[in-house]
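Coordinates in review
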Amino acid sequence: MATSYILLAALLALVSWQAVASDPSPLQDFCVADKYSPVLVNGFVCKDPKIVSADDFFMAANLDKPRDTTNKVGSNVTLINAMKIPGLNTLGISIVRIDYAPLGENPPHTHPRATEILTVLEGALYVGFVTSNPENKLFTKKLEKGDVFVFPVGLIHFQFNPCPNKPAVAIAALSSQNPGTITIANAVFGSKPPISDDVLAKAFQVEKNTVKWLQAQFWEDNQN
Ligand SMILES: *[C@@H]1O[C@H](CO)[C@@H](O)[C@H](O)[C@H]1NC(C)=O
């Protein structure tokens, strides 16, 4: 009896570990993405290792250069994932540079597949994330240059540059070759086709006209 409980517990632990793990671990040194393969798998098919070169792990990404932040949210996210560096395939990691205009923000969003660790290179940021239901507890912090902050996988988070006359810059690493981004306002009010106003009016406890007004806005995608 005791043995079967232990076995069951071990099995459950294994199953739940697989469920909470982010990208699967590699089974070889590397599996450089072969973007031309017609085969569809989770991630990308491996390119023949004999023709892999250093360039498969490289990108002249100019991450030292400021980006244009003259958009509605005042931020610009440059994501380097496995689509941009094929060598990242199966390795469970990616990187972003984020530029913030004065008073600019990276609006509330989630990464369905990655935890994010961010450091401020220039300026300052007010950052935060919200835990899942039912607590929905908000964790926030004012970050200065050199500070580091973590956004746990899947949780809604944001960064705001509180300074009215200075831009800010951050670099972050994400624990997936393809973290994915769901920007809350864009997904809810800017979906194509739109979500029914019956659904959204009830969800947000507002009049349908308010929903229609929100749906008529241009929802900026600040990611490149
Ligand atoms: C981000 O900056 C780049 C380079 O400055 C620019 O080409 C791109 O349009 C900008 N993207 C957004 C969403 O503002």
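Residues numbered from 1 in each chain as written. Predicted model: local features only at pLDDT ≥ 70, side-chain atom pairs only at ≥ 80, totals over all residues. Heavy atoms only, no water.

- As annotated in an unreviewed UniProt entry, the chain is Germin-like protein from Lolium multiflorum.
- Per UniProt, the chain carries the Sequence similarities (unreviewed entry) text "Belongs to the germin family."
- Of the chain, the UniProt comment under Catalytic activity (unreviewed entry) reads exactly: "oxalate + O2 + 2 H(+) = H2O2 + 2 CO2". (UniProt positions renumbered as here; feature names shortened; annotations may be inferred.)

1. Regarding the pattern of salt bridges
- Evaluation of the coordinates by the stated rule reveals 8 salt bridges.
- Residue Asp 48 is joined to Lys 50 by a salt bridge in which the shortest nitrogen-to-oxygen separation is 3.7 Å.
- The exposure class assigned to Lys 50 is exposed, which follows from its relative accessible area of 75%.
- In this structure, the salt-bridge partner of Asp 99 is Arg 97, at a minimum N-O distance of 2.7 Å. (Salt bridge = Lys/Arg side-chain N within 4 Å of Asp/Glu carboxyl O. Buried < 20%, exposed > 50% of the residue type's maximum accessible area, 1.4 Å probe, protein only.)

2. Points about the sheet that holds strand E3 (residues 105-110)
- Spatially, 5 strands are ordered E6-E5-E8-E3-E10 in an open sheet, and the strand pairing comes out antiparallel. Across the chains shown, the open sheet's two edge strands, defined by having one partner strand only, are strand E6 (138-143) and strand E10 (182-183).
- Here E3 pairs with E10 via 2 bridges, running antiparallel. Within E10, the position partnered with Thr 110 by the bridge is Ile 182. (Pairing = 2+ DSSP bridges. Helix = DSSP H or I, 4+ residues; strand = E, 2+ residues; numbered from the N terminus.)

3. What to know about the state of the cysteines
- This model, assessed by the stated rule, comprises 1 disulfide.
- Linked covalently through their sulfurs, Cys 31 and Cys 46 form a disulfide whose S-S length is 2.1 Å. The S-S bond linking Cys 31 to Cys 46 shows a torsion near -105°; that makes this disulfide left-handed. Taken together, the positions of Cys 31 in the loop between helix H1 (2-20) and strand E1 (75-80) and Cys 46 in the loop between H1 and E1 put the pair 15 residues apart, joining distant regions of the chain. (Disulfide = S-S within 2.5 Å.)

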